[in-house]
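Remarks on the overall topology
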Amino acid sequence: MVDNEENKNESEQNKTVIWNLPNILTFSRMLIIPVFVAIFYINFPGHYLVCWGLFALACITDLFDGAIARKHNLVTNLGKFLDPIADKVLVLTAFILFLTVPQIFCANVGNWMILVSACGVVIIVARELIVSGFRMVAASSGEVIAADKIGKYKTFSQDLSVGILLFAEGWRQFDDSVFAMTVNIIGISLFLLSVILTVVSGVNYIVKNINVLKK
C-alpha cells in the first residue's frame, strides 16, 4: 500500500511538472501552427493580418516560457526538447508557405527573387537539420552544444522577416500602396540577412565543435 501511494504521488508530481506554465505556453505555440496554416490559405479579407497576429502571439509565448521557467525553477527536459522544435517548425512553416504565394517574395523585386528565396529556404531547412544532427551526435558523447550569439541573431532576423512580410502582404490586401511595397522590401532584405546569418551560424557551430566529429 505504501509503495502504491508513493507511486501515485510521484505520478501526480510528474504530471504537475509536465503541465507547468512554461510547458503549456510551448504546447500552445505548437497548436498555433496548424491554425496558422489553415488561415493562411483561407481567403478572406485580412487573413494575412490574422496570420501576422498569430505569429506575433507565438513569438510572445516564446519570450515568456523560457523566462518563466528559469525564474521559477520550472525548467524540464520536455520543455528543453519542445521549445526549439516549436520555434523552428513555426518559422520554417511560414517560409515554405510564402513560397506558395510568389508575390510575398517577389511582388516588388522581380520573378527572379522567387528562385533566390527558394534557395534561401532550402539553406535554412538544411542548416537546421545539420545542426540538429550535430547536436544529437554531441549528446551521444555526453556533450551539450549551446546556442551562440550568431544563432540568436539568426533566429531574431528570421522571426522579424516573417512578421514583416506577413504584415506587408496583409496591408497590401487593403491598400496596395508605396507603404506596403516599402515594408515588403524591408521584409525581403531581412530574409536575405537571415539566410546569410544562417550560413555563418551553421559553419560556426561546426568549426567550434569540430572535436565532436573527431571522436
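Residues numbered from 1 in each chain as written. Predicted model: local features only at pLDDT ≥ 70, side-chain atom pairs only at ≥ 80, totals over all residues. Heavy atoms only, no water.

Focus on the environment of Asn209
Here Asn209 shows up in the loop between helix 8 (178-208) and helix 9 (211-214). Each C-alpha atom of the pair Asn209 and Ala138 lies 8.8 Å from the other, and the pair is 71 residues apart in sequence. (Helix = DSSP H or I, 4+ residues; strand = E, 2+ residues; numbered from the N terminus.)

Here's the deal with the pattern of salt bridges
The tally for this structure, following the rule as stated, stands at five salt bridges. Measuring nitrogen to oxygen at the nearest pair gives 3.2 Å for the salt bridge that ties Arg127 to Glu128. For the pair shown, Arg127 and Glu128 are each scored as buried. Glu169 is paired through a salt bridge with Arg172; the nearest N and O atoms lie 2.4 Å apart. Taken together, the positions of Glu169 and Arg172, both in helix 7 (residues 149-174) and three residues apart, correspond to about one turn of that helix. With relative accessibility at 5%, the residue Glu169 sits in the buried group. Take Arg172: its relative accessible area is 12%, and that puts it in the buried class. What emerges from the salt-bridge pattern is a single network uniting Lys88, Arg127, Glu128 and Lys154. (Salt bridge = Lys/Arg side-chain N within 4 Å of Asp/Glu carboxyl O. Buried < 20%, exposed > 50% of the residue type's maximum accessible area, 1.4 Å probe, protein only.)

Focus on the packing of helix 7 against helix 8
Put simply, helix 7 and helix 8 touch, their axes get as near as 8 Å, and they point 160° apart. Taken together, the axis directions place helix 7 and helix 8 in an arrangement best described as roughly antiparallel. Crossing geometry of helix 7 relative to helix 8 is assigned as left-handed. Considering only residue class, the contact of helix 7 with helix 8 consists of 17 nonpolar, ten polar and two charged. (Axes fitted to C-alpha atoms, helices over the stretch in contact; angles between N-to-C directions. Parallel < 35°, antiparallel > 145°, perpendicular 65-115°, else oblique. Left-handed = near helix turned anticlockwise from the far one by under 90°. Nonpolar A, V, L, I, M, F, W, Y, C, P; charged D, E, K, R; others polar.)

Overview of the nonpolar core
Counting residues in hydrophobic clusters, the biggest one holds 30 residues, and the most contacted among them are Phe36, Phe40, Phe95, Phe98, Val162 and Leu166. Going through the elements one at a time, helix 2 (21-41), helix 3 (47-71), helix 4 (77-99), helix 5 (103-106), helix 6 (112-140), helix 7 and helix 8 are the ones with two or more residues in this core. Here this core gets seven residues from one element, more than from any other, and that element is helix 4. (Core = buried A, V, L, I, M, F, W, Y, C linked by side-chain atoms within 4.5 Å.)

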